[in-house]
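Commentary on secondary and tertiary structure
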Amino acid sequence: MVLCPLAIILFALLIVGLTAHIPSFEELEHPDNKLATQIFAEGGEVLTTYHIENRSYVTYEELSPYLVEAAVSTEDSRFYEHSGIDFRALARVGVKTLLLHNRHQGGGSTITQQLAKTLYPRGELSKYGSIRRKFKMVGVKLKEWITAVKLEKNYTKDEIVTMYLNSIEYGSSSFGVKAASQTFFGKNPSELKVEEAAMLVGMVNAPTRYNPTRNYEKALARRNTVLERMASEERLLDENYEPYQSRKALRHALDSLKSLPIDCAAYELKDHNSGHALYYRDMLRRTMNATEPQRSKYQYEEVYRADSLRWVNDDFYGWLNKHTKPDGTKYNLDKDGLRIYTTINYKMQVYAEQAVAEHLGKDLQKSFWGDLKYKTNKPFSNDIDAKTRDRLMKQARKTSDRYRAMKRDGASDNEINKSFNTPVKMRVFDWEKGSVDTVMTPNDSIVYYKSHLRAGFVAIEPVTGFVKAYVGGPNYRYFKYDNVTQSTHQVGSTIKPFLYTLAMQNGMTPCTKVVDVPQTFIDEYTGTTWTPRCTDKDEWIGKTVTLKWGLTKSSNNISAYLMKQFGPHAMAELMRDAGFKNHIDEVNPLCVGSADFTVMEMIAGTCIFPSGGIYAEPLLVTRIEDNMGNTLSEFSNKKKVAISAQTAYLMVNLMAGVVNEGTAARLRGKYALKGQISGKTGTTNDNADGWFIGYTPKICAGGWVGGENPQIHFQSIALGGGANMALPIWGIWMQKCLADPSCGLSENDTFSVPSGVSGAFSCTGTDDDATDEVGGGDSTDTEFFD
């Protein structure tokens, strides 16, 4: 009776083998799995992924032995004895399940058969009728058996169990054991404890039912069942991966393990909104997807030229459109399992994300809520009229998913407007709780989100140009727009160091003296005049001051004087040498920061000072590998001398005054930072943009904070200035980095003094540098207005 069904099975296998399409060896080597592309920090840590299925492969050596033993004990106790099909298990199923109707005996599928099923899904069978579906299922099962035999012939048992653990789904969007280990326990598969391995293996048959975050009791019971099977198969290992020496010791270990709770404190759903450096990930995708520049798509000739040169000289720019797979098809970031190795420092990145969240979430946003109470056109400032508010709201509606979907479905403008004014249930961002469920109109939700301040922060290593940290916004899940490279912002006084650099290049020093009086520019063509707004105290006007005092106080009068000496063209050319690619209007207001640049441009440009005058293109990625670890491309960046080392050091001294005595002095006070630090704050008209850029001998970093629109801002400079908006992010971040030796930063780091420059200057940037002296002192160190 038993042999007859087996004979039929063997005959059917022969027929299927002769007539059906069975995967070839090449197909077995390259199944159509959707492998996640992993983005690595410089130390090898996984930052985040691109994926359709969150799946990454590990080798057998990277598996905890507990995983292998748990899988074999639970899913296929005779795994090392059969050749893909366990006929003894099939006989058990045939007799006890089919004939005796005992459905508690389990199935007869081996690990190899389950692997075949996972690698080559059965497809949709429900569209067939009942009888035809059964026949189809028989054919599918037979093909899986033949595929299992092929697998056994071409792979070792270790390779098969590794492929099995890599291929199956574990729930919570985790495909493969590496993703599952990281999702549920925040660790790699090699680091799993025996009870953790048992829990993961126990989830295989029903990932949702046995998910501990959803059904804890069922997950606990299932984990203990796996532990019991490991013990009964004598595959339960001790902490040294050795079998227990006695049944008593084995039983004691089993009882101890079963009493342990499931610890999922490190659980984190690995979806597209999880991980670190998510704005960086999106920026990398945009960069890799870039196409060859077309002049018609650019407003400014110089920006087109810059991108065209980048297309030719930077292999990473447009990489996906420049490289193809061996079969000639394009690489797919979501499916091909590439490995992208970045310059990001994992700890610095985490600390940057924390600093943005701490400053905005715990402090600045609360202040802005208070400021909003006194606004009549919330969240816009009081000087914005209703017409402007309506225009900005209309723009926001048109860029929303709701508007696009309704427009695509043919809804009228009236229907769309009604929808935006109808209250609906929604989940919105909240700094304290992460999110809250509420009811509001879509229009109100636009106002709510516009009421949240945005931020962008970047850290770059001087000389090398390695990007060490990158935060494009307050919270990626709810604010996808990247404020580091996707948008430009008016830069305010953070531009002034480049004007002062011209002065240093032309023989001036930090102690050069000038007279503090307002400056007026006359347009030679129209005869119109422009006088920069004076920001200095009345008692300073008419004083003889040093250039260091001028930058420390961020005096518009001194900046305007320097602009008169050197002109906007010279300043713009210097900035282009410092890596600025966006259009620069060569106009006099450039001296007080009228231009718009990205955060990345500003930080990379400022890096010429701590790097001794060297401009290095920001380096994002060092290499890309395929899913087998073969190097596809390696990358480096271009460097050039932007200014002399002597000029750079003079600027370091000048900008140190801003930190020690000027607008950035709270770094020394509130944040108690020591060591050599130079920097510059920046605030634009109406407090729309707050900036701070600072650097030490080993790192250059900074950022911007502001509203989604320039019309959204604080009413007072006390709250809306760069010292209050952006500087605290830098201060919090630097505190964290200095407290962690692995970041490689120290308060004892010092700037190198180049030859030909004195390491000490008599001026400090304090009010002692503002005197009534006229024409006194060394004449070579004194400048007067015309």
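One can find the structure itself at the top, above this paragraph.
I will try to describe carefully the structure that is included in this document. All values reported here derive from a predicted model rather than from experimental measurement.

1. Topic: the state of the cysteines
Summed over all chains, the structure comprises one disulfide. Among the cysteines around Cys 607, which has no disulfide bond, Cys 700 carries the closest sulfur, lying 3.1 Å off. On the accessibility criterion, Cys 700 (0% relative accessible area) is buried.

2. Points about the sheet that holds strand E8 (residues 454-460)
The antiparallel open sheet is built from five strands, whose spatial order is E9-E8-E22-E21-E20. Edge strands, defined here as strands with exactly one partner in the open sheet, are strand E9 (467-471) and strand E20 (678-683). Averaged over all pairs of adjacent strands, the angle between their axes in this sheet comes to 5°, without regard to strand direction. Sheet analysis places E8 next to E9, joined by four bridges and oriented antiparallel. Within the sheet, the bridge partner assigned to Val 458 lies in E9 and is Tyr 470. Along the sheet, helix H24 (residues 645-661) contacts E20 and strand E21 (689-695); its crossing angle with E20, the most-contacted strand, is approximately 60°. Strands in contact with helix H27 (residues 727-739) are E8, E20, E21 and strand E22 (700-706); relative to E8, the strand with the most contacts, it is inclined by about 45°.

3. A few points about H27
Here H27 is 13 residues long and its end C-alpha atoms lie 19 Å apart, about the 18 Å a rise of 1.5 Å per residue gives. With ten of 13 residues buried, H27 is to be regarded as a mostly interior element. Burial in H27 covers these residues: Leu 727, Pro 728, Ile 729, Trp 730, Gly 731, Ile 732, Trp 733, Met 734, Lys 736 and Cys 737. Looking at the buried residues of H27, the elements they touch are helix H15 (346-372), E8, E20, E21, E22 and helix H26 (722-725).

4. Observations concerning the side chain of Ser 554
Within the fold, Ser 554 resides in the loop between helix H21 (547-552) and helix H22 (556-577). Beyond its immediate chain neighbours, meaning those up to four positions away, Ser 554 contacts Ser 493, Lys 496, Thr 535 and Lys 680.

5. Here we look at helix H23 (residues 599-606)
For H23, a buried count of eight out of eight residues is recorded, marking the element as mostly surrounded by other parts of the structure. All of the buried residues along H23 are Val 599, Met 600, Glu 601, Met 602, Ile 603, Ala 604, Gly 605 and Thr 606.

6. Some points on a negative patch on the surface
A surface patch of like charges, here negative, comprises Glu 61, Glu 62, Asp 158 and Glu 159. Tracing the backbone through its elements, the reader meets Asp 158 in helix H7 (residues 157-167). Classification of Asp 158 as partly exposed rests on a relative accessible area of 31%.

What counts, and where the lines are drawn
Residues numbered from 1 in each chain as written. Predicted model: local features only at pLDDT ≥ 70, side-chain atom pairs only at ≥ 80, totals over all residues. Heavy atoms only, no water. Disulfide = S-S within 2.5 Å. Buried < 20%, exposed > 50% of the residue type's maximum accessible area, 1.4 Å probe, protein only. Pairing = 2+ DSSP bridges. Helix = DSSP H or I, 4+ residues; strand = E, 2+ residues; numbered from the N terminus. Axes fitted to C-alpha atoms, helices over the stretch in contact; angles between N-to-C directions. Contact = heavy atoms within 4.5 Å. Expected span 1.5 Å × (residues − 1). Patch = residues over 30% accessible without salt bridge, like charges linked within 9 Å, V, L, I, M, F, W, Y side chains within 5 Å. Areas by Shrake-Rupley, 256 points an atom, 1.4 Å probe, with all protein chains shown as cover. Salt bridge = Lys/Arg side-chain N within 4 Å of Asp/Glu carboxyl O. Lys, Arg positive; Asp, Glu negative; His and termini not counted. Charge placed at Lys NZ, Arg CZ, Asp CG, Glu CD.

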